[in-house]
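If you want the building blocks of each chain, they are given just below.
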Amino acid sequence: MRRLGSAVSSALSNWVSDISKFSFSKFVLQESISSPIAPDRMAIMERYRSRRTPEECALQTPFNENVRPLLDAVDTLRQLSVAEEGIKLPTIVVVGDQSSGKSSVLESLAQVDLPRGQGVVTRVPLVLRLQNTSGTDQSHQVVIQYGGKKRVIEEAEISAAVVEATIELAGDKHIVNKPISLHITKPGAPDLTMIDLPGITRVPVHGQPEDIQEQIKKIIQEYISPKETIILNVICSTVDFPTCESILMSRQVDREGERTMAVVTKVDMSPKDLKEKVMADVVGIGLGYICVRNRIGDETHEEGRDKEAELFRTDPHLRDLPESMLGIRQLAKRLTEFQADSLRKNLPKLVGNIRSALTAVRRDLDALPQRVADSESALPLAMDCYQSIRRSLERLLAGDSLPEFPDDKQMNYAARLHEYFVKLSSQIRSNGDEDSSSSGSQGKLEELLHEAKGVTLPNILQSSVLKQMVAYNVKEFHEPSIATVDEVHNYAAQVVMPVISKKTEGYPKLQALLKKNMQGVLEKSQSACKEFVQDKLEKETTITFTLNPKYMELVEKKQLLAVSEMDSCELSKNRMYSKSSSSTMREMKNSLDSYMEVIKNRICDEVPMHLRYSLDKSLIEEFETVVMKSFASRDKSMELMAEDTHLQYKRERLQKKLEVLEESNRTILAATTI
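Quick caveat: nothing in here was measured; it's all calculated off a predicted structure.

As a further point, take a nonpolar patch on the surface. Taken together, the side chains of Ile543, Phe545 and Leu547 present a nonpolar region at the surface, about 370 Å² in accessible area. In this fold, Ile543 is placed in the loop between helix 17 (508-542) and helix 18 (550-563). On the accessibility criterion, Ile543 (52% relative accessible area) is exposed.

Here it is in structure tokens:
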């Protein structure tokens, strides 16, 4: 009892505070306080209304004048679909289980008839904009908007128009996330904007998709997740609150209930335990509860409000509840206050988000290739594209990275070429390393010397034998050298083609032309480099020549090494040679091996050097020559610089985003300066 008395006292204090905020007269305050249970609150309110002065009536106006522009601005942003640009708007979202009475609550707030019935009536989001006409303006207007259509309808046509729009958007049974906007302007309407979502159902009816519950939950999750959203949870008084599906979903995104409010409907059906349910608040509704009675049958809205007031005044289980928790009027008042607080709280963030999105869209637009206006600007633009490609290629050749490919190691041109050249050097130097093998180079030398017996003295290496041995070893260098030519040119194509693609993005004909030019240049270089390799290897097999002092150093080194070793080398096929002839054989072999080292060094240096030089020259000078010839005709430049459809679509999409965000920025700034 002590706890109940404290709760009643606190509620009474809040009620008095609320009355004070809206300048209720001293008469009302005194009479309210003198009646702890307030048995005739409606009579008191009527006496208050009859005694309000014009000045007291005007106290509501500053609130509306301050909040209405912000609410109008947010509604305008919603119509502009600014949410599609990632901008989250302060919103009141109405959720509830199927048949919880959501539509009845919205009807009572709007004082209009909405579609009602069994099953899932709301099958698309319904954006309900309520606007009070102020002053002497007593006009009524209803505007429905959906799927690009907008029309003015009569108030009596609302229910049928919403049903018609729903069928057009979602068919007869389906659920879709395509909103219908209903803007109702009329005297006495609360200044509110709410989004009514489909009620959560568990069992699909005939013709509905089997996963209808998952579809509805997905839509609800999308709308209630943003922290800018106030969740208005509609719960039937007869259900167990903790097991209510909409409550469970709310708690997933708002664990502390800081932005969740609950409306308990159909309180006349189960009033006995209602007070305990709402006062205990076991589900953590941070913004509190409002209890309402739904209209029944053919009751008018006025009759429904009167019977609601009568119920709360006379029912023994409901009349002791705090007045701030009772009735549609309190619901409208609380929602208006929460909405105003949310607008003010989220306004700075909203302005910042719009400006950030504007900056990002402008940056994306600036990054797009320049639009070709006429034939006079086409050729200079093509030249700009080429010059950009050339600068990137020069950076690659210099060993620099490109900002367009920051993490792609394959684009590290100089380092990757060096790897190909190291691989070639390893293959060249490993060929002929068979000095101790009878089946390798030494075996070939023994064979040739055996066939040359009697032509010259045994200790003299004939010129013909030397050339044959050089040719025998050099032919092993041909395959890896030619393979390297192919590999480095293929790699060069893999590097430069993406650069061309990047720099000519949006201009498919220019891109195709430049790639064709580059391919021709690389093929020409590849062919020339193969000729160089073949010519180089032919020179090595034709002319025995070196001025490299390294040759004699290698010979002497090998001779000193041979002296220190045991002389066990015998010619396997010529037993006439003595031990001294075996020493002579070793000297011949040492001279041959030393000369082959010189040849290997020449090939390992000169082939990569020529490849690098040829590629550098081709990628810059040869490519430019071919490109300039292609650009010689101005007549075809406009066609060459035609944008592709993807770029056109991207530019149009970004331009539309820019217009939406600029309009949003103007709208919100205008609202904040009022």
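This is not the end of the story, as more comes after the structure.
Angle between the axes and distance between the axes: these two values describe a pair of packed helices. Where helix 16 (residues 463-503) meets helix 17, the closest approach of the two axes is 9 Å, and the angle between their N-to-C directions is 165°. The angle between the axes of helix 16 and helix 17 places the two elements in the roughly antiparallel class. Crossing angle aside, the handedness with which helix 16 passes helix 17 is right-handed. Here the contact of helix 16 with helix 17 is composed, by residue class, of 17 nonpolar, 11 polar and five charged.

All right, on to the environment of Asp408 then. Here Asp408 lies in the loop between helix 13 (375-397) and helix 14 (413-430). A distance of 3.1 Å separates the side chain of Asp408 from the backbone nitrogen of Gln410, its partner in a polar contact.

Below, the discussion takes up unusual backbone geometry. Here the phi dihedral of Ser99 falls at roughly 65°; this positive angle occurs in a residue that is not glycine. Mapped onto the elements, Ser99 comes out in the loop between strand 1 (91-96) and helix 6 (102-110). Take Ser99: its relative accessible area is 40%, and that puts it in the partly exposed class. The phi dihedral of Lys266 falls on the positive side, at around 55°, and the residue is not glycine. With respect to the helices and strands, Lys266 occurs in the loop between strand 8 (260-265) and helix 10 (274-280).

Let us now look at the packing of aromatic side chains. All told, the structure shown has five aromatic pairs when counted by the stated rule. Ring centres of Phe241 and Tyr289 lie 6.2 Å apart, and the angle between their planes is 20°; this geometry places the pair in the stacked category. Linking Phe241 in the loop between strand 7 (229-236) and helix 9 (245-253) with Tyr289 in strand 9 (residues 289-291), this pair joins segments that are 48 residues apart in sequence. Residue classification places Phe241 among the buried positions, given a relative accessible area of 3%. Pairing Tyr386 with Phe623 gives two aromatic rings, centres 5.9 Å apart and planes at 55°, and the pair type is tilted. Of the two residues, Tyr386 sits in helix 13 while Phe623 sits in helix 19 (residues 579-630), which places them 237 residues apart along the sequence. Considered together, Tyr386 and Phe623 belong to a single accessibility category, that of buried residues. Grouped by ring-pair contacts, the aromatic residues Tyr413, Tyr420 and Tyr491 constitute a single cluster. In this arrangement the basic side chain of Lys277 is found over the ring face of Phe241, its NZ or CZ atom lying 4.8 Å from the centre.

Going through the model one piece at a time under the given rule, you end up with 33 salt bridges. Note that Glu337 is salt-bridged to Lys333, the shortest N-O span being 3.2 Å. Linking Glu337 with Lys333, this pair stays in helix 12 (residues 327-367), spanning four residues, or about one helical turn. A relative accessible area of 23% means that Glu337 is categorised as partly exposed. Judged by relative accessible area, Lys333 falls into the buried class, the value being 19%. Here the salt bridges share partners, and the residues they tie into one network are Lys536, Glu540, Arg602 and Glu606.

As a further point, take the sheet that holds strand 8. One open sheet holds the nine strands; their spatial order is 4-3-5-2-6-1-7-8-9, and the pairing between them is mixed. Two strands close off the open sheet at either side, each with one partner strand: strand 4 (149-153) and strand 9. Between one strand and the next, the sheet's axes are offset by a mean angle of 20°, whatever the strand orientation. For strand 2 (residues 126-132) and strand 5 (residues 180-186), the ladder comprises seven bridges, and the chain directions are parallel. Looking at the pairing, Gln131 lines up with Thr185 of strand 5.

Low pLDDT marks regions whose predicted coordinates should not be analysed in detail. Averaged over all residues, the pLDDT of the chain equals 81, while 82% of them reach at least 70. The spread of mean pLDDT over the elements of the chain runs between helix 2 (residues 26-34), the lowest at 32, and helix 17, the highest at 96. Low confidence marks residues 434-439, where pLDDT is under 50. Its contacts with residues over four positions away, or in another chain, come to eight contacts. Counted against residues more than four places away or in other chains, residues 566-580, with its pLDDT under 50, gives 18 contacts.

Ranked by internal contacts, the top residues of the largest apolar core, which has 65 residues, are Tyr413, Leu510, Met518, Phe631 and Met641. Every element with two or more residues in this core is listed here: helix 13, helix 14, helix 15 (441-451), helix 16, helix 17, helix 18 and helix 19. In terms of residue count, helix 16 provides more of this core than any other element does, 16 residues in total. Residues in contact with Phe631, not counting those within four places in the same chain, are Leu379, Ala382, Met383, Tyr386, Leu510, Leu513, Leu514 and Leu640. Membership of the second largest hydrophobic core comes to 41 residues, among which are Ala110, Leu128, Val142 and Leu331.

What follows covers the pairing of strand 8. With six of six residues buried, strand 8 is to be regarded as a mostly interior element. Burial along strand 8 is two-sided: the face carrying Thr260, Ala262 and Val264 and the face carrying Met261, Val263 and Thr265 are both buried. Taken together, the six bridges between strand 7 and strand 8 define a ladder with parallel strand orientation. Across the sheet, Ile231 pairs through a bridge with Thr260, a residue of strand 8. Remark: the strand 7/helix 9/strand 8 crossover connection has right-handed handedness. Where strand 8 and strand 9 come together, three bridges link them in parallel fashion. Within strand 9, the position partnered with Ala262 by the bridge is Tyr289. Crossover connection from strand 8 via helix 10 to parallel strand 9: handedness right-handed.

Each value, and the rule that gives it
Residues numbered from 1 in each chain as written. Predicted model: local features only at pLDDT ≥ 70, side-chain atom pairs only at ≥ 80, totals over all residues. Heavy atoms only, no water. Patch = residues over 30% accessible without salt bridge, like charges linked within 9 Å, V, L, I, M, F, W, Y side chains within 5 Å. Areas by Shrake-Rupley, 256 points an atom, 1.4 Å probe, with all protein chains shown as cover. Salt bridge = Lys/Arg side-chain N within 4 Å of Asp/Glu carboxyl O. Helix = DSSP H or I, 4+ residues; strand = E, 2+ residues; numbered from the N terminus. Buried < 20%, exposed > 50% of the residue type's maximum accessible area, 1.4 Å probe, protein only. Axes fitted to C-alpha atoms, helices over the stretch in contact; angles between N-to-C directions. Parallel < 35°, antiparallel > 145°, perpendicular 65-115°, else oblique. Left-handed = near helix turned anticlockwise from the far one by under 90°. Nonpolar A, V, L, I, M, F, W, Y, C, P; charged D, E, K, R; others polar. Polar contact = N/O pair within 3.5 Å; in protein donor to acceptor, adjacent residues only side chain to side chain. Phe/Tyr/Trp six-rings, centres within 6.5 Å; stacked < 30°, edge-to-face > 60°. Lys NZ or Arg CZ within 6 Å of the ring centre and 35° of its normal. Pairing = 2+ DSSP bridges. pLDDT = per-residue confidence, 0-100. Contact = heavy atoms within 4.5 Å. Core = buried A, V, L, I, M, F, W, Y, C linked by side-chain atoms within 4.5 Å. Right-handed = clockwise from strand over helix to strand, strands pointing away.

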